[in-house]
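Below are the chains, spelled out letter by letter.
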Amino acid sequence: MSFLLVQALSGLATAATLFLVSSGLTIVFGVTRIVNFAHGSFYMVGAYAGWSLIERFGGTPAGFWGSVAAAALAMGVLGAAMEIGLLRRLYRSPELFQLLGTFGVVLVVQDLTAWAWGPEDLLGRRASGLKGSIDILDQPFPLYDLVLIGLGPLVLGLLWLLFNRTRWGTLVRAATQDREMTSALGVDPARLFTGVLFLGCALAGLGGALQVPREAVTLQMDVAIVVEAFVVVVVGGMGSLTGAFLASLLIGQLQAFGILVFPQITLVIVFLFMAVVLVLRPHGLLGRAEEMPPTAPATVTVPLSRGRHAGVWALALLAVMAAAPLVAGDYALILLTEVVILALFAASLHLLIGLGGLVSFGHAAWFGLGAYGSALLVKHMDAPMPLALAGAPVLAGLGALVAGWFCVRRSGLYFAMLTLAFAQIVWSIAFQWYAVTGGDNGILGVWPSAWAAGKAAYYWLTLALCGGALWLLRRAAFAPFGYALRAGRDSGLRAESVGIDVRRFQWMAFVLAGAAAGLAGGLYAFAKGSVFPTLLAVPQSVDALVMVLMGGIQTVAGPLAGAAVFHLLESEVMSMTDWWRLVLGLIIVALVLVFPKGIVGFLSGLRSSFGRRRA
Amino acid sequence: MTELVVHDLQRSFGGVQAVGGVSFTLRSGDLLALIGPNGAGKSTCFNLLNGQLRPDSGSVRLDGTELVGLPPRRIWALGVGRTFQITATFASMTVAENVQMVLLSRARRLFGLWRPAATQFREPALALLDRVGMAAQADRPCGVLAYGDVKRVELAMALASEPTVLLMDEPTAGMAPAERLALMALTAELVRERGLAVLFTEHDMDAVFGHATRVLVLDRGRLIAEGSPDQVRADPRVQSVYLGGEA
């Protein structure tokens, strides 16, 4: 009994941290309608800054709390700077750009943090004056955690007062409900938004600094916490503070007791909980329907260009590529093999984004599932390569079949969050299920059959399979199936009223895209000879998005060019520096800043301004 | 002979009753106008009929088949076509492709993964576009059309499914006067030619009284008058709540 009580209390302490971080995320979302991927970065840097300050001044209670407060304020200032430098330019962009742009910040911050504090995990000193524990029903419980438990409701109360008893808070609430109206009333939205980012990021920094006495400060805590905060915000209802509090409590308890029952799959439980909540209560526990983000069209609405003589060009390209082994060396062939694989991966994502308007933020799940499918077949069943390769799209397709059923129930940002959640589920299974997947160590020794072992032979095999799959995807895009998918994107209302079951087409597209990505993953596993959980992780999903974005959404050939450019950039430029995250992050940020309305929007903007000049 | 029987349809939003006990019958050959001041519940009524909204109570029977509770696409498959007040077409496709989509859907060929969609049902689509006077613009993207032209594409899309009942929510809104009359004349012709049953809402009184075979008047969610255009025009209740100052 007392054991359960202590477990519940430690769940409450976890909930307090979760609430601090997710309250900031939900406030920022409520006003700016941007889901700030970089929110976890402020939590992480807050923890690092807090660690440094506490090391220096944390000897006394006043020094400790002063250090925590200073770290939080510093994060607030950084957040305001990000609003002015980046977010301000993204408010009218499609959500894909907002998520990507802030993810670019995540990458940049990761490298800068590693540069400033080094790659080692840091252990902070305990909170001065709160080092001991007290006995609760004969079980010891850390005093500091008790303070944290009290802090959650305290912050909720303070925020309530701020939003309901001050003029600034009233303006923020007004802006949350109607941005245009508020600015029409003479409120400077720019200053309001900067203030909101200050508050939100300060809360994230506070959460981070408060973690210093509890756990090690690491470079991985940013993505880990932001994904958890996404879950809290989505479960609670996007933009709802009380909802975030409630969801934090529930998820804190779920984690505290989940670890007792299913120690291997605590992460899975949390994400499944979110998926179930979203299916039962589409707007979250306390979210309201009208708080649904107004989804800016993620894609362009010009006809997909069919391209003149596309078939001729494709055959010519294929012939040139097939001849490559005659002149290219081994290294170039490896690179080309990877480009071809990634082209299929990017094209499969393009099917969802370009045709369906469905921005998936977890497409790596299916790529990785295909890779793991092949590797597991080889490792545990001694399958020959052809069988293992055939298993890749099947496993990925089945995974997408299950996940897709949930995901296509929602659109826009919620769809992005759901796909991210499922990718994290798959990732955490690969990461935590040591006995089968080898966890962190991955699976090694996944080599092609003897007949395909040569670099040229494997390249040809890859070219044939990916080329075939790409051709099928292209046929599907111009066949009634692809048109029905576009019909659902252009006008769901009209599509339903002429007999098109939009969800069913989206679900089918999800499975098709998943299977295609799975085939790419299987080929990748044999190309590399090994698989690791990173194949399923968020950065891999982002890579695919960047490839699609670079190539442009308006053509079926775009993702292929995007994959080639991106991979060459990655392997040739970024391998020359240790700071590849920094470089990639800056590229992403530049990409979304230069093309805030999408590449096609940029081009048509150019065309119209060009036309004006000539007229 | 098709018969759409609407019986005691009710729907509230929060505490506000948008449609309160509406009953009427729509038969082949009818060109039935549903009129009423803004906020009378016309669009809600339409959304209840085609399944976009679910009524709190009441029934809608198409030749004896209950439509309440069916999703829009099922109701469409039973032969109830619809055009929208705010135009809704597939903006990224050409005019012809918009109509082709409906024909493909009708023929249950949407799940095709192989043959290009643009080559299927093109001739019948062009014939339909010719009927509404849009054949010349068949290969323009729908997203760049003038508003009145989009309305005509919508009509072609609705006709493509060979409906027996057609619901038209403000079919001529945003059109120039000459265009309005042409579109209403075309609709009246289709009613005679194909034995369609058409229910339409309209703000333009010339369109209503010039073409409708019968008129329903809705006020604050209730039907207050029903009859021939002349009867309705002469009805004192209609004059007081609807025509107001003009009477």
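Look up: the structure comes first, before these words.
Reading the values: the criteria
Residues numbered from 1 in each chain as written. Chains lettered and ligands numbered in written order. Predicted model: local features only at pLDDT ≥ 70, side-chain atom pairs only at ≥ 80, totals over all residues. Helix = DSSP H or I, 4+ residues; strand = E, 2+ residues; numbered from the N terminus. Rg over C-alpha atoms; globule rule 2.2 N^0.38 Å. Buried ≥ 20, exposed ≤ 12 C-beta atoms within 10 Å, placed from the backbone. Contact = placed C-beta atoms within 7 Å. Core = buried A, V, L, I, M, F, W, Y, C linked by C-beta atoms within 7 Å. Nonpolar A, V, L, I, M, F, W, Y, C, P; charged D, E, K, R; others polar. Pairing = 2+ DSSP bridges. Axes fitted to C-alpha atoms, helices over the stretch in contact; angles between N-to-C directions. Expected span 1.5 Å × (residues − 1).

Asks: I tried to follow the overall build of chain B on my own but got confused; where do I start?
Replies: Scanning chain B from N- to C-terminus turns up nine helices and ten strands. Whereas a compact globule of 247 residues would reach a radius of gyration of roughly 18 Å, chain B reaches 18 Å, a difference of no more than 12%. Counting every position in chain B, which comprises 247 residues, the buried fraction comes to 47%. Counting contacts in chain B only where the partners sit at least 6 residues apart, residues at least 24 apart contribute 65% of the total.

Asks: What is the right way to look at the overall build of chain A in this model?
Replies: In terms of regular secondary structure, chain A is built from 25 helices and four strands. On C-alpha atoms alone, chain A measures out to a radius of gyration of 25 Å, which is about the 25 Å that the 2.2 N^0.38 rule sets for 615 residues. Seen along its three principal axes, the alpha-carbon backbone of chain A occupies a region of about 75 × 65 × 50 Å. Counting across all 615 residues of chain A, residues that qualify as buried make up 53%. Taking the contacts inside chain A whose residues are at least 6 apart along the sequence as the reference set, 81% of them involve residues at least 24 apart.

Asks: Help me understand the nonpolar core in this model?
Replies: A general feature of soluble globular proteins is that nonpolar side chains tend to end up buried together. Residues Val231(A), Ala343(A), Leu344(A), Ala520(A) and Ala156(B) are the most contacted members of the largest nonpolar core, which totals 286 residues. Here the element with the most residues in this core is helix α21 (residues 502-528) of chain A; it accounts for 18 residues. Setting aside residues no more than four positions away along its own chain, Ala156(B) makes contact with Val99(B), Leu128(B), Leu129(B), Arg131(B), Val132(B) and Met134(B).

Asks: Would you take a moment to explain the interface of chain B and chain A for this structure?
Replies: How big an interface is tends to be stated in terms of the accessible area lost upon association of its parts. Each partner contributes to the interface: chain B provides 32 residues, whereas chain A provides 23 residues. Counting only elements with at least two residues in the side of chain B that touches chain A, the list comes to α2 (72-77) and α3 (95-106) of chain B. Per-element tally for the side of chain B that touches chain A: the top contributor is α3(B), with five residues. Classifying every residue of the side of chain B that touches chain A by side-chain character gives 19 nonpolar, eight polar and five charged.

Asks: Explanation requested: the pairing of strand β2 (residues 16-27) of chain B in the structure shown.
Replies: The side chains of a regular strand alternate between the sheet's two faces. Residue and element names in this part refer to chain B. Strand direction decides the pairing type here: strand β1 (residues 3-13) and β2, joined by nine bridges, are antiparallel. Looking at β2, one finds that Leu4 is bridged to Leu26. Taking the residues that link successive antiparallel strands as the turn, the β1-β2 hairpin has two residues, and the phi of Gly14 there is positive, at about 60 degrees.

Asks: It is not clear to me how the sheet that holds strand β8 (residues 197-201) of chain B should be interpreted in this structure. Could you clarify?
Replies: Within a beta sheet, neighbouring strands are joined by backbone hydrogen bonds and run either parallel or antiparallel to one another. All names here are of chain B. Pairing in this open sheet of six strands is mixed, and the strands run β6-β7-β8-β3-β9-β10 from one edge to the other. Every other strand in the sheet has two partners, leaving β6 (80-83) and β10 (222-227) as the edge strands with one partner each. Adjacent strand axes in the sheet meet at a mean angle of 15 degrees, parallel and antiparallel pairs treated alike. Looking at chain direction, strand β9 (residues 214-219) and β10 are connected through five bridges and run antiparallel. Among the inter-strand pairings, Val215 is bridged to a residue of β10, identified as Gly227. Packing of helix α1 (residues 42-49) onto the sheet brings it into contact with β3 (31-35), β7 (165-169), β8 and β9, and relative to β7 it is tilted by some 150 degrees.

Asks: Would you mind going over α21(A) with me for this structure?
Replies: At 3.6 residues per turn, the α-helix brings residues three or four places apart onto the same side. All names here are of chain A. A rise of 1.5 Å per residue sets the reference length of α21, with its 27 residues, at 39 Å; its end C-alpha atoms lie 38 Å apart and thus fit the reference within 8%. Buried residues dominate α21, accounting for 24 of its 27 residues. Positive phi shows up at Gly529, right after α21, with a value of about 85 degrees.

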